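If you want the building blocks of each chain, they are given just below.
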Amino acid sequence: MRNKLFEKKAYFKIVTALILVPNIFVAILGIESFPYTCAPMFGHYIDDNTDLYLFKFEGVTDSTQVDLTRYYGKSEDLFIRHFFSKVYGSTHAISPFDSKLSESKSDFQDRMDAFFNYYSGFILSEYNLSFNQISLSVKSVDQNRNIIKYFKPIGYFDYSDKKYHALYENRN
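This structure is a prediction, so every number in the text was calculated from the model and none was measured.

**Quick word on the side chain of Glu76**
Right, on to step 1. Relative to the helices and strands, Glu76 resides in helix 2 (residues 76–88).
Right, on to step 2. When near neighbours in sequence (up to four residues on either side) are disregarded, Glu76 contacts Leu54, Lys56, Thr69 and Arg145.

See below:
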C-alpha cells in the first residue's frame, strides 16, 4: 500500500515537472513553441474585414513571371508554414515565434541562401524549371486566398550569384 502511494506521488511529481519546467522556461525567456504556446494566430476573430497576407514565390525570367504555388512540392499551407516558421522567421533577439535565442543578419542571410539554393535545385530536378530570379513578396488576400492587392517584392533569389537579396532594411 505504501509503495502504491509512493508511486502515485512520484508520477505526480514527474508529470508536474514535465508540464511546469517548460512553461517556466517559456515565461522566463519568452520563447514559445508547440505544445507550450498560447497559439496567438488562432486567438483572434477573423471576419470579412480582417486583413490577410500571404507569401508568394514567383519565378522570373526576363519579363515573364511564373507563380510557383504549383511547384512547392507539397501543399501551399505546409510550404508557407515551413518557410515562415523555419526559414524566414524573426530577426528579434528573442521572439515568441522562434526557437533561436539570438539572430544576426548574417544568420538570416545564410538561412535564406540555403533555402533558396535548395528550392531552386528542387524545382529544377522535379519540374525542370529554371529562372533568372525567384521573387518573394507579400500579397494581400481575401478569405479564399484570392489576391486583393499586389505588393512590391520583399526580396529575391538571384540565380547568377546564388544569393537572396532583401529589398528592405529591418529597423529593429
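From this point on, the discussion continues.
**Quick look at the environment of Gln143**
Right, on to step 1. Note on placement: Gln143 falls in the loop between strand 3 (133–141) and strand 4 (147–149).
Right, on to step 2. Looking at Gln143, the relative accessible area reads 41%, which means it is partly exposed.

**Details of helix 2**
Right, on to step 1. With 13 residues, helix 2 should cover 18 Å at 1.5 Å per step; its first-to-last C-alpha distance of 16 Å lies more than 12% under that length.
Right, on to step 2. What helix 2 keeps buried is the set Glu76, Phe79, Ile80, Phe83, Val87 and Tyr88.
Right, on to step 3. Looking one or two residues past helix 2, Gly89 carries a phi angle of roughly 50°, positive in sign.

**Quick look at the packing of helix 2 against helix 3 (residues 105–127)**
The angle between the axes and the distance between the axes are what describe a pair of packed helices.
Right, on to step 1. Taken N-terminus to C-terminus, the directions of helix 2 and helix 3 make an angle of 145°; their axes are 10 Å apart at the nearest point. Along the contact surface, helix 2 presents Phe79, Phe83, Lys86, Val87 and Tyr88, while helix 3 presents Phe108, Arg111, Met112, Phe115 and Tyr119.
Right, on to step 2. Grouping the constituent residues of the contact of helix 2 with helix 3 by class yields 8 nonpolar, no polar and 2 charged.

**Considerations on the nonpolar core**
Right, on to step 1. Phe57, Phe83, Met112, Phe116, Tyr119, Ile134 and Leu136 are the most contacted members of the largest nonpolar core, which totals 27 residues.
Right, on to step 2. Those elements that place two or more of their residues in this core are strand 1 (52–61), helix 2, helix 3, strand 3 and strand 5 (153–158).
Right, on to step 3. Of the residues forming this core, the biggest block, 7 residues, is contributed by helix 3.

**A look at the pairing of strand 2 (residues 64–67)**
Right, on to step 1. Across 4 bridges, strand 1 lies against strand 2 in antiparallel orientation. Pairing of Val60 across the sheet is with Gln65, part of strand 2.

**Examining the pattern of salt bridges**
Charged atoms that come close allow side chains of opposite charge to pair.
Right, on to step 1. Inspection of every chain in the model, using the stated rule, returns 4 salt bridges.
Right, on to step 2. One salt bridge in this structure joins Glu58 and Lys139, with 3.3 Å as the shortest N-O distance. Of this pair, Glu58 sits in strand 1 while Lys139 sits in strand 3, and the two are 81 residues apart along the sequence.
Right, on to step 3. With relative accessibility at 13%, the residue Glu58 sits in the buried group.

Each value, and the rule that gives it
Residues numbered from 1 in each chain as written. Predicted model: local features only at pLDDT ≥ 70, side-chain atom pairs only at ≥ 80, totals over all residues. Heavy atoms only, no water. Helix = DSSP H or I, 4+ residues; strand = E, 2+ residues; numbered from the N terminus. Contact = heavy atoms within 4.5 Å. Buried < 20%, exposed > 50% of the residue type's maximum accessible area, 1.4 Å probe, protein only. Expected span 1.5 Å × (residues − 1). Axes fitted to C-alpha atoms, helices over the stretch in contact; angles between N-to-C directions. Nonpolar A, V, L, I, M, F, W, Y, C, P; charged D, E, K, R; others polar. Core = buried A, V, L, I, M, F, W, Y, C linked by side-chain atoms within 4.5 Å. Pairing = 2+ DSSP bridges. Salt bridge = Lys/Arg side-chain N within 4 Å of Asp/Glu carboxyl O.

So far we have only geometry, and geometry alone does not tell us how the molecule works.
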